[in-house]
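Next come the chains, spelled out residue by residue.
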Amino acid sequence: MQKLEVFGAKKLKGQIKISGSKNASLPIIAATLLSNKKIILKELPKVRDIETMLSLLKSLGSQIKFNKDGTEIDNSKQKKKFASYNLVKTMRAGILVLGPLLAKFGSAKVSLPGGCAIGSRPIDIHLKAFSKLGVRYKIDQGYVIANAPKGLKGNKIHFSKVSVGATENLIIAATLAKGTTLLSNCAIEPEILDLVNFLKKLGCKIKWISKRTIEIIGVNKLKEISYSVMFDRIEVGTYLVAAAITQGNLMIKNVKPEIIRTEIDLLKKTGAKITTKKNEIKIIGSKKIKSMKLKTAPYPGFPTDLQAQIMVLLCKANNNSIIQENIFENRFMHVAELNRMGAKISIQGNKALITGNTNFAPAELMATDLRASVSLILAALTANGKSTINRIYHLDRGYENIEKKLKKVGAKINRIKNG
Ligand code: UD1
């Protein structure tokens, strides 16, 4: 099993180019199933979750080629409607093939998803909404077996809770449904706007009616297109924290700063000096990091996917901080490992109480989920000596070339292949 060795404490300095967004790519890849025409996707990040989603499409009969223009997906011979446990178990986003398969064929059998162990992660909101489009379903031996005997029919659907995945699945499904679908209380994460942009380019009729309400008019013809996915805003946030925590000086390229205003403002409040231009962000970490209280929330709030990383920064703040996790109930698994490195964090319900002024000590560590893994790297970057991070397959699900990117800006970090 591979592991990472990190030798801290070095100031990071230089440029980092951000990759395409994993969480935008996943629903867009799933949505290609709607079409029988060739689609070229550009900027897909080279990470495990994207490989898994492409393997899932291949298992459904998609033909995929990697050429110099991007990843070409040809679904003209795609006929299978069965997404197996083996492919969906490692990645919750596998459930996103349910929407397009139902839209295209009127039936599908898809494994219940797995993914990071950060909560029970049900799909009840997806299923309830599909039933409003005329889908009948049952759960049998870990699979959702769904049928729309008369095809999907547009309807008004109000999501009981803001869910990124359910919003995506329903938007995709409704594009080919008969008539008009109105989805309200939608998630409005930038990745959803990217999915909508992709679908519009494909020929779908979609319009935002108000902040969280979207109207979709079913169509029956789609175009051959190529599309570039947006940048990974969580990767940006992670490297911003890396600079802030090491008193580094980084230029982050290939971003749209206005999309991550909340994160930038928050990091400024902790003391980091940040300036932005059209496609870049410059950050200089401060010696003195200020404590704060923060809550995770659906976009435009502070993202749960950056909670572990910001916690590492707040461990080094001049005073005590509190983070309230409002999205997932079990997303503090990094805390035990950070405490082993000398942090003093206690958990009370969905709140982490963080004692400031921590000097992280190097340690042998275990990654538990995608964002937890990267938080351990961040802590290790500040610790004087060698830290070893095991189980980095979690990390490889979502960060493209992380050790190369960090090395380029001065970190001492090595991947041990047969550890
Ligand atoms: C997506 C992101 C993930 C991010 C999360 C929240 C992808 C591939 N993943 O995950 O990185 O952390 O959004 O921003 O884009 N819920 C239900 N029933 C449902 C669906 C969700 O109770 O049917 C709950 C979840 O357990 C969770 C909350 O709603 O507590 C939000 O989940 P959701 O927004 O659906 O997250 P994902 O789409 O899985």
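J.: Talk me through the overall build of the protein; I want residue IDs and the actual numbers.
T.: A count of helices and strands for the protein gives 14 helices and 24 strands. In terms of principal-axis extent, the alpha carbons of the protein reach across some 65 × 45 × 45 Å. Put simply, 72% of the contacts in the protein that link residues at least 6 apart link residues at least 24 apart. A total of about 17,400 Å² of accessible surface is found on the protein, and carbon and sulfur atoms cover 50% of it.

J.: An account of the sheet that holds strand 17 (residues 280-284) is needed here, citing residue identities and associated values.
T.: Strand order in this open sheet of four strands is 2-15-17-16, and the pairing throughout is mixed. Looking along the sheet, the strands with just one partner apiece sit at the ends: strand 2 (13-17) and strand 16 (273-277). Strand-to-strand twist across the sheet, computed as the mean angle between neighbouring axes with direction ignored, equals 15 degrees. Relative to strand 15 (residues 249-253), strand 2 is paired through five bridges, and the arrangement is parallel. Paired with Ile-16 across the two strands is Ile-252, which belongs to strand 15.

J.: Explain the site of the ligand to me, and be specific about the residues and the numbers.
T.: Neighbouring the ligand are 19 residues; Arg-92, Ser-163, Val-164, Asp-305 and Ile-327 lie closest to it. Within the backbone of Gly-165, one N or O atom sits 2.8 Å away from an oxygen atom of the ligand. Relative to its unbound accessible surface of 740 Å², the ligand loses 88% to contact with the protein. When residues in the shell around the ligand are grouped by element, the largest group, three residues, is from helix 5 (residues 124-132). Of the residues contributing to the shell around the ligand, the split by class is eight nonpolar, five polar and six charged.

J.: Outline unusual backbone geometry, listing residues and values.
T.: Residues Gly-8 and Ala-9 are joined by a peptide bond in cis, for which omega reads -20 degrees. Cis rather than trans, the peptide bond between Tyr-299 and Pro-300 has omega equal to 10 degrees. Position of Pro-300 among the secondary structure elements: in the loop between strand 18 (293-295) and helix 10 (307-315). Even without being a glycine, Arg-391 presents a positive backbone phi close to 60 degrees. Topologically, Arg-391 is positioned in the loop between strand 23 (385-390) and helix 13 (393-396). Exposure remark for Arg-391: the relative accessible area of 37% places this residue in the partly exposed category. Of note, the phi angle at Asn-401 is positive, near 50 degrees, even though the residue is not glycine. As for its placement among the helices and strands, Asn-401 is situated in the loop between helix 13 and helix 14 (402-408).

J.: Run through the domain arrangement of the protein, naming residues and quoting values.
T.: Per the domain assignment, the segments making up the protein are domain 1 (2-19 + 231-417) and domain 2 (22-228). Summarising the inter-unit geometry, the C-alpha centres of domain 1 and domain 2 are found 30 Å apart. Between domain 1 and domain 2, the buried area comes to about 1,900 Å², and carbon and sulfur atoms account for 50% of it. Together, Tyr-299, Arg-397 and Glu-400 form the three largest contributors to the area buried by domain 1 at its contact with domain 2, with a combined 33%.

J.: Just give me the short version of the pattern of salt bridges, but keep the residues and values in it.
T.: For the coordinates displayed, the defined rule picks out twelve salt bridges. Asp-396 is the partner of Arg-415 in a salt bridge, and the nearest nitrogen-oxygen pair spans 2.9 Å. Pair noted here: Arg-415 is in strand 24 (residues 412-416) and Asp-396 is in helix 13, with a separation of 19 residues, a long-range link. Overall, the relative accessible area of 22% leaves Arg-415 in the partly exposed class. A cluster of three or more residues bridged by salt bridges with shared partners is formed by Lys-22, Asp-49 and Arg-397.

J.: Pulling in residues and values, what's your account of the side chain of Asp-194?
T.: Topologically, Asp-194 is positioned in helix 7 (residues 190-202). Of the side chains bearing the opposite charge, Lys-256 lies closest to the buried Asp-194, which forms no salt bridge; the N-O distance is 7.3 Å. Here Tyr-227 takes part through its side chain, which lies 2.7 Å from a polar atom of the side chain of Asp-194. With residues up to four places along the chain from it excluded, the contact list for Asp-194 reads Ala-24, Ile-28, Tyr-227, Val-229 and Met-230.

Basis of the calculations
Counting from 1, residues in each chain are numbered in the order their sequence is written. Confidence filtering applies because this is a predicted model: local features only for residues at pLDDT of at least 70, side-chain atom pairs given and counted only at 80 or more, and all residues used for totals across whole chains, interfaces and linings. Working from all heavy atoms in the structure, the side-chain values ignore hydrogens and water. To qualify as a helix, a DSSP run of H or I must reach at least 4 residues; to qualify as a strand, a run of E must reach at least 2; elements of each kind are numbered from the N terminus. Two residues qualify as a contact provided that any one of their heavy atoms is within 4.5 Å of a heavy atom in the partner residue. Here the accessible surface of atoms and residues is derived via Shrake-Rupley with a 1.4 Å probe, and residues count as covered only by protein chains that are part of the display. Here, a strand pair is defined by DSSP locating no fewer than two bridges between the strands. Comment: axis = line fitted to C-alpha atoms, over the contacting stretch for helices; angle = value between 0 and 180 degrees taken between N-to-C directions. To be near a molecule or strand, a residue needs just one of its heavy atoms within 4 Å of it. Polar contact criterion, stated in full: a pair of N or O atoms within 3.5 Å, where within protein one must be able to donate a hydrogen and the other to accept it, and residues adjacent in sequence count only if both atoms are side-chain atoms. Under the grouping applied here, Gly and all other residues not named as nonpolar or charged are polar, the nonpolar ones being Ala, Val, Leu, Ile, Met, Phe, Trp, Tyr, Cys and Pro and the charged ones Asp, Glu, Lys and Arg. Remark: exposure states derive from per-residue accessible area (1.4 Å probe, protein chains only) relative to the maximum for the residue type, with buried under 20%, exposed over 50%, and partly exposed in between. Here the bounds of each domain stem from an automatic or database domain assignment. Note on terms: buried area is the combined drop in 1.4 Å-probe accessible area of two parts once they are placed together, counting the loss on both. When a carboxyl oxygen of Asp or Glu lies within 4 Å of a side-chain nitrogen of Lys or Arg, that pair is called a salt bridge. None of His or the chain ends enter the tally, which takes Lys and Arg as positive and Asp and Glu as negative.

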